[in-house]
Amino acid sequence: MPELPEVETIAKKLKSVVVGRKIEEIQIFNPKTFQGDAQLLLSQEIVDVSRRAKIIEMVFANDYVLLTHLKMTGQYLFQNDGDLIAGGHPTNDWQEQLPGKHTRVQINFEDKSKLFFNDMRKFGWLRLVAASSLETVYSALGPDIISPEVTTDYLLSQFKRRKMPIKQAIMLNEIVCGVGNIYACDSLNLAKISPFRPAQSLSREEVDILLSSMKVIINKAIEYGGTTFDGKYVDIEGKAGSYQTKVLTYGREGKNCYNCGGTIQKTKLGGRGTYFCPDCQI
DNA sequence: GAGAGTGTTGTAAC
DNA sequence: GGTTACAACACTCT
């Protein structure tokens, strides 16, 4: 679920509701989820919210930044006056009550509104760092897929020495950030390139097509608010994304390929479920 | 009821 | 140095 489009959507919504609010109390229900000294944030005001790779940054007036990685199942829910600020959230039992069974961190603001971090599998984390050490955190990450830094030449230079399947290469964060499993499958289908091709075997023309395909898919997913399977991804208002209704390959095993009418197959590549059309992805 | 599979990614081992 | 395997965890599906 949370891939770049989801994180982008969540960061934007978060920004619209938490900027300007001051923290009164932070309750940590799962100690491993919160890294750093939460006390530093008491009485501090959130001045900005942004996103880098799949990490959400909440910037505070005292130059500390609270980073959040949602990993597989993390989600933020914002509550004001006892109600979620917009209805329509899925009726999963773990979202009916807040804080709930899977709430790991609860942030109470001075105006009595609340922000909940829910994460079933506990892979996600919140990390408080000084603004000055942000660069260290991001040093191993490549540029975002939607950044102008990612060009055909850049990708060609990264793929040149890699023998690994192209699907794994585009999911490597040191090359580009923001292409997760679902969008990797769909981008390769749109580009009509087999996920198994060694990265270094792609021609300049193919890399060019793949790059524009990835941007098309990611932008479309952002437009639709991300992807929801089994109601496990919701934005901070509890609303589900709708890219899953637009998905080209992921979860469509046995269905027709939109490119050529062939049959979408599922296989495993690098330990990850991989969907592709063997007829047109060559 | 046991066992496999799940959208992420850092780390260790090969 | 590139690549793979696995762990972190809780839940659903077969």
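All values derive from a computational prediction rather than experimental measurement. (Residues numbered from 1 in each chain as written. Chains lettered and ligands numbered in written order. Predicted model: local features only at pLDDT ≥ 70, side-chain atom pairs only at ≥ 80, totals over all residues. Heavy atoms only, no water.)

Undergrad: Quick one: what's the story with the overall build of chain A, residue by residue and with numbers?
TA: When helices and strands are tallied, chain A shows six helices and twelve strands. Its C-alpha atoms give chain A a radius of gyration of 20 Å, within 12% of the compact-globule value 19 Å for 282 residues. Taking the principal axes of the C-alpha coordinates as reference, chain A spans close to 55 × 40 × 30 Å. For chain A, with 282 residues in total, the buried portion stands at 52%. Taking contacts inside chain A between residues at least 6 apart in sequence as the whole, the part at least 24 apart equals 64%. In the form shown here, chain A has an accessible surface area of approximately 12,500 Å², with 47% of it arising from carbon and sulfur atoms. One finds the centroid of the 35 positive side-chain charges in chain A at a distance of 7 Å from the centroid of its 32 negative side-chain charges. (Helix = DSSP H or I, 4+ residues; strand = E, 2+ residues; numbered from the N terminus. Rg over C-alpha atoms; globule rule 2.2 N^0.38 Å. Buried < 20%, exposed > 50% of the residue type's maximum accessible area, 1.4 Å probe, protein only. Contact = heavy atoms within 4.5 Å. Areas by Shrake-Rupley, 256 points an atom, 1.4 Å probe, with all protein chains shown as cover. Lys, Arg positive; Asp, Glu negative; His and termini not counted. Charge placed at Lys NZ, Arg CZ, Asp CG, Glu CD.)

Undergrad: How would you sum up the protein's contact with DNA strand C? Please name residues and give values.
TA: For DNA strand C, the full set of nearby residues is Lys32, Lys101, His102, Met120, Arg121, Lys122, Phe123, Arg161, Arg162, Lys163, Met164 and Gln168. In DNA strand C, atoms within 4 Å of the protein come 61% from sugar and phosphate. One of the side-chain N or O atoms of Lys101 is found 3.2 Å from a phosphate oxygen in DNA strand C. Contact distances for DNA strand C include 2.8 Å between a base oxygen and a side-chain N or O atom of Arg121. Classifying every residue of the surface near DNA strand C by side-chain character gives three nonpolar, two polar and seven charged. (Near = heavy atom within 4 Å. Polar contact = N/O pair within 3.5 Å; in protein donor to acceptor, adjacent residues only side chain to side chain. Nonpolar A, V, L, I, M, F, W, Y, C, P; charged D, E, K, R; others polar.)

Undergrad: How would you summarise helix 6 (residues 204-223) if you had to cite specific residues and measurements?
TA: Between the first and last C-alpha of helix 6 there are 29 Å, a value that for 20 residues agrees with the 28 Å anticipated at 1.5 Å per step. Along helix 6, the residues that are buried comprise Val207, Leu210, Leu211, Ser213, Met214, Ile217, Ile218, Ala221 and Ile222. Projected down its long axis, helix 6 carries its buried residues within an arc of 165°, all on one side. Away from its buried face, by an angle of more than 90 degrees, helix 6 presents the exposed residues Glu205 and Glu223. Following helix 6 by one or two positions, Gly225 adopts a phi angle in the positive range, close to 80°. (Expected span 1.5 Å × (residues − 1). Arc of directions from axis to C-beta.)

Undergrad: Kindly report on unusual backbone geometry, identifying the contributing residues and their values.
TA: One non-glycine residue with positive phi stands out, namely Asp63, at about 70°. With respect to the helices and strands, the residue Asp63 is situated in the loop between strand 4 (55-60) and strand 5 (64-69). Residue class for Asp63 comes out exposed when judged on its relative accessible area of 53%.

Undergrad: Lay out the sheet that holds strand 10 (residues 125-130) with the relevant residues and their values.
TA: Spatially, 2-10-5-4-3 is the arrangement adopted by the five strands of the open sheet, whose pairing is mixed. The open sheet has two free edges, formed respectively by strand 2 (34-35) and strand 3 (46-52), since each of these has just one partner strand. Across six bridges, the pairing between strand 3 and strand 4 is antiparallel. By the bridge assignment, Val49 is partnered in strand 4 with Met58. Along the sheet face, helix 1 (residues 4-18) touches strand 3 and strand 4 and points at about 175° away from the line of strand 3. (Pairing = 2+ DSSP bridges. Axes fitted to C-alpha atoms, helices over the stretch in contact; angles between N-to-C directions.)

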